Amino acid sequence: MHSRAWFFVLCVLLVVLWAPSFLILPSFDTWQLIINTATTIVTFLLVALLQNTQKRSDDATQHKLNAIAAGLCDLMAHLSDDHPQLHRDCAQLRKAVGLENHESAA
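Being a predicted model, the structure only gives us computed values, none of them experimental.

> Teacher, can you tell me more about the confidence of the model for the chain here?
Any residue range with low pLDDT should be treated as having predicted coordinates unsuitable for detailed reading. The predicted model of the chain has a mean per-residue pLDDT of 84, with 91% of residues at 70 or higher. Of all the helices and strands in the chain, helix α4 (residues 99-105) carries the lowest mean pLDDT, 55, while helix α2 (residues 28-79) carries the highest, 90.

> For this particular structure, what's the right way to read the state of the cysteines?
A disulfide bridge is the covalent bond that connects two cysteines by way of their sulfur atoms. Per the counting criterion, the structure on display carries zero disulfides. Cys73 takes part in no disulfide bond, and the closest cysteine sulfur, belonging to Cys90, lies 3.3 Å away. For Cys90, a relative accessible area of 10% translates into the label buried.

> How do you make sense of the packing of aromatic side chains when you look at a structure like this?
Given two aromatic rings, one states the distance between the centres and the angle between the planes to describe the pair. This model, assessed by the stated rule, comprises five aromatic pairs. For the pair Trp18 and Trp31, a centre-to-centre distance of 4.2 Å together with 15° between the ring planes defines the contact as stacked. Here the residue Trp18 occupies a position in helix α1 (residues 5-18), and Trp31 occupies one in helix α2, the gap between them amounting to 13 residues. Residue class for Trp31 comes out buried when judged on its relative accessible area of 14%. On the basis of an interplanar angle of 40° and a centroid distance of 5.5 Å, the ring pair of Phe28 and Trp31 is categorised as tilted. Of this pair, Phe28 and Trp31 both sit in helix α2, three residues apart, which is roughly one turn of the helix. Looking at Phe28, the relative accessible area reads 42%, which means it is partly exposed.

> Would you explain the pattern of salt bridges in this entry?
A pair can form between side chains of opposite charge whenever their charged atoms are brought close. What the rule picks out here adds up to two salt bridges. The salt bridge involving Lys55 is made with Asp59; its shortest N-O contact spans 2.8 Å. Of this pair, Lys55 and Asp59 both sit in helix α2, four residues apart, roughly one helical turn. We note a salt bridge from Asp89 to Arg88, for which the minimum N-O separation is 3.4 Å. Accessibility expressed as a relative area gives 24% for Asp89, which makes it partly exposed.

> How should I be thinking about the packing of α1 against α2 in this particular structure?
Following both chains from N to C, one finds α1 and α2 inclined at 165°, their axes separated by 10 Å at the closest point. With respect to α2, the element α1 is oriented roughly antiparallel. Crossing geometry of α1 relative to α2 is assigned as right-handed. Contact residues: Phe7, Leu14 and Trp18 in α1; Trp31, Ile34, Ile35, Ala38, Val42 and Leu46 in α2. Grouping the amino acids of the contact of α1 with α2 by side-chain chemistry returns nine nonpolar, no polar and no charged.

> So what exactly am I meant to see when it comes to the side chain of Ser21 here?
When you line up the elements, Ser21 lands in the loop between α1 and α2. Given the relative accessible area of 13%, Ser21 is considered buried. Here Trp18 takes part through its backbone oxygen, which lies 2.4 Å from a polar atom of the side chain of Ser21.

Conventions we followed
- Residues numbered from 1 in each chain as written.
- Predicted model: local features only at pLDDT ≥ 70, side-chain atom pairs only at ≥ 80, totals over all residues.
- Heavy atoms only, no water.
- pLDDT = per-residue confidence, 0-100.
- Helix = DSSP H or I, 4+ residues; strand = E, 2+ residues; numbered from the N terminus.
- Disulfide = S-S within 2.5 Å.
- Buried < 20%, exposed > 50% of the residue type's maximum accessible area, 1.4 Å probe, protein only.
- Phe/Tyr/Trp six-rings, centres within 6.5 Å; stacked < 30°, edge-to-face > 60°.
- Salt bridge = Lys/Arg side-chain N within 4 Å of Asp/Glu carboxyl O.
- Axes fitted to C-alpha atoms, helices over the stretch in contact; angles between N-to-C directions.
- Parallel < 35°, antiparallel > 145°, perpendicular 65-115°, else oblique.
- Left-handed = near helix turned anticlockwise from the far one by under 90°.
- Contact = heavy atoms within 4.5 Å.
- Nonpolar A, V, L, I, M, F, W, Y, C, P; charged D, E, K, R; others polar.
- Polar contact = N/O pair within 3.5 Å; in protein donor to acceptor, adjacent residues only side chain to side chain.

Structure below.
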């Protein structure tokens with residue numbers, strides 16, 4: 001959201017509207033307070049948005065990694081008749097990525 005051109009235009013418009021308000025506001029402090037408040041609110045909202053986006057991205061990445069690990073474990077289980085050490089390796093992989101916990105919670 002914040003990297004789009006319309007957002008930049010909105011921010012520039014905010015400053016363009018704020019700058020000439022110096023002429024109609026009674027004091028310099030009020031003029032500064034308006035822009036400080038506006039930028040603080042925008043910053044707060046952007047931080048919340050970025051944290052939410054990062055969490056969703058992290059969750060999606062973790063889901064993909066779990067799917068890869070589960071697929072690898074399935075392949076290892078299929079090949080374990082010919083290679084018995086794969087049982088142990090698969091168990092270690094499941095424990096390392098927490099697949100037992102993930103599958104039991106689903």
